[in-house]
Amino acid sequence: MHRPVQRVGRAPRLTRILVSAAAVPAVLVAAGCSSDSGSDAHQGASATPDAKKSASPTAPAVKPAAYATLPQPCSVLSKKTLGDLVPKAKASGKKGTSDDASQRGNCNWSSLDNNGVKGSQFRWLNVALLRFDSDARGAGDEQAHAYYGKQVAGAQAVEGAKGAKSAAVAGTGDEATAVHYDLKKKEGSFKQQTVVARVENVVVTVDYNGAGLAGEKTPDSGDLLKAAQKAAKEAVAAVSAANEDGGSGSSSPSKGSSAKPSSGTSESASPSASKSAAKDD
């Protein structure tokens, strides 16, 4: 007699297999959810830099320049002043060439007072104007201040200058410095005066020299310096007046335009007038 074979434990085994198989889709679903979640997180992360970019602050606007134009360089000095500084010169002067009269310009006058066998007195005067606009390089007055410093430094470094001195000039623009020295030339001994002044975004450079030729007495350096300072003050006032109705910023000179002295007071060599005039041309 054959005994029936007992299949003990088969049912439980089959149950375990079915349970395991049923668990696989659940794991895959869970993995899929996890993957989607990570993708969303990645998208969110990649969007963050753009959000930060759009939120970054813009650069501050540059302060507009106070003065938008320049006066005619040959008209910045009165006839009386010209009569004192260059008595034998034509009042109209000699205007330098400029590709933009609102940006730069210069004018010079030459005077020779011939006294025959006693010699003659020579005088030469040049006024140069340079205006700076506010742009990517910075505010106009800041650029003018930097140029002013270079002009003073150049005036203090003239080759062959003797007894050079420089000092602040009060009551002439926002800052001003006078440089004076003696310069020996084949024609005679010249007394050179250079006054550099800044008013707002404009730099004014006045060069004035004098000499006694053919035995004539050498002019007094102190008198020439006072005359050059007077001319610089007058030129600065002309710049402010030219912008009273058309300036892009303030319509009047700055508060310090008639009282601030320059900080440059060193006593060293100075620049030649003709050099600075050529640069501004």
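Residues numbered from 1 in each chain as written. Predicted model: local features only at pLDDT ≥ 70, side-chain atom pairs only at ≥ 80, totals over all residues. Heavy atoms only, no water.

Draft legend 1. Geometry of the state of the cysteines. All chains considered together, the criterion is met by one disulfide. Each disulfide pairs two cysteine sulfurs, and for Cys74 the partner residue is Cys107, the sulfurs being separated by 2.0 Å. Here the S-S torsion is close to 95°, and the disulfide linking Cys74 with Cys107 is therefore right-handed. Of this pair, Cys74 sits in the loop between α1 (10-55) and α2 (79-85) while Cys107 is found in strand β2 (residues 104-114), placing the two residues 33 residues apart along the sequence. (Disulfide = S-S within 2.5 Å. Helix = DSSP H or I, 4+ residues; strand = E, 2+ residues; numbered from the N terminus.)

Draft legend 2. How the structure looks around the packing of aromatic side chains. Under the defined criterion, the tally for this structure stands at two aromatic pairs. For the ring pair Phe122 and Phe190, a centre distance of 6.0 Å and an interplane angle of 75° mean the geometry is edge-to-face. Remark: Phe190 occurs in strand β6 (residues 188-199) and Phe122 occurs in strand β3 (residues 120-131); sequence separation between them is 68 residues. Considered together, Phe122 and Phe190 belong to a single accessibility category, that of buried residues. Judged by centre distance (5.6 Å) and plane angle (50°), the rings of Phe132 and Tyr147 are tilted. Separated by 15 residues along the polypeptide, Phe132 in the loop between β3 and α3 (140-155) and Tyr147 in helix α3 bring together distant segments of the chain. Across this residue pair, the class does not change: Phe132 and Tyr147 are buried. Sitting over the face of the ring of Phe190, Lys185 holds its NZ or CZ atom 4.8 Å from the ring centroid. (Phe/Tyr/Trp six-rings, centres within 6.5 Å; stacked < 30°, edge-to-face > 60°. Buried < 20%, exposed > 50% of the residue type's maximum accessible area, 1.4 Å probe, protein only. Lys NZ or Arg CZ within 6 Å of the ring centre and 35° of its normal.)

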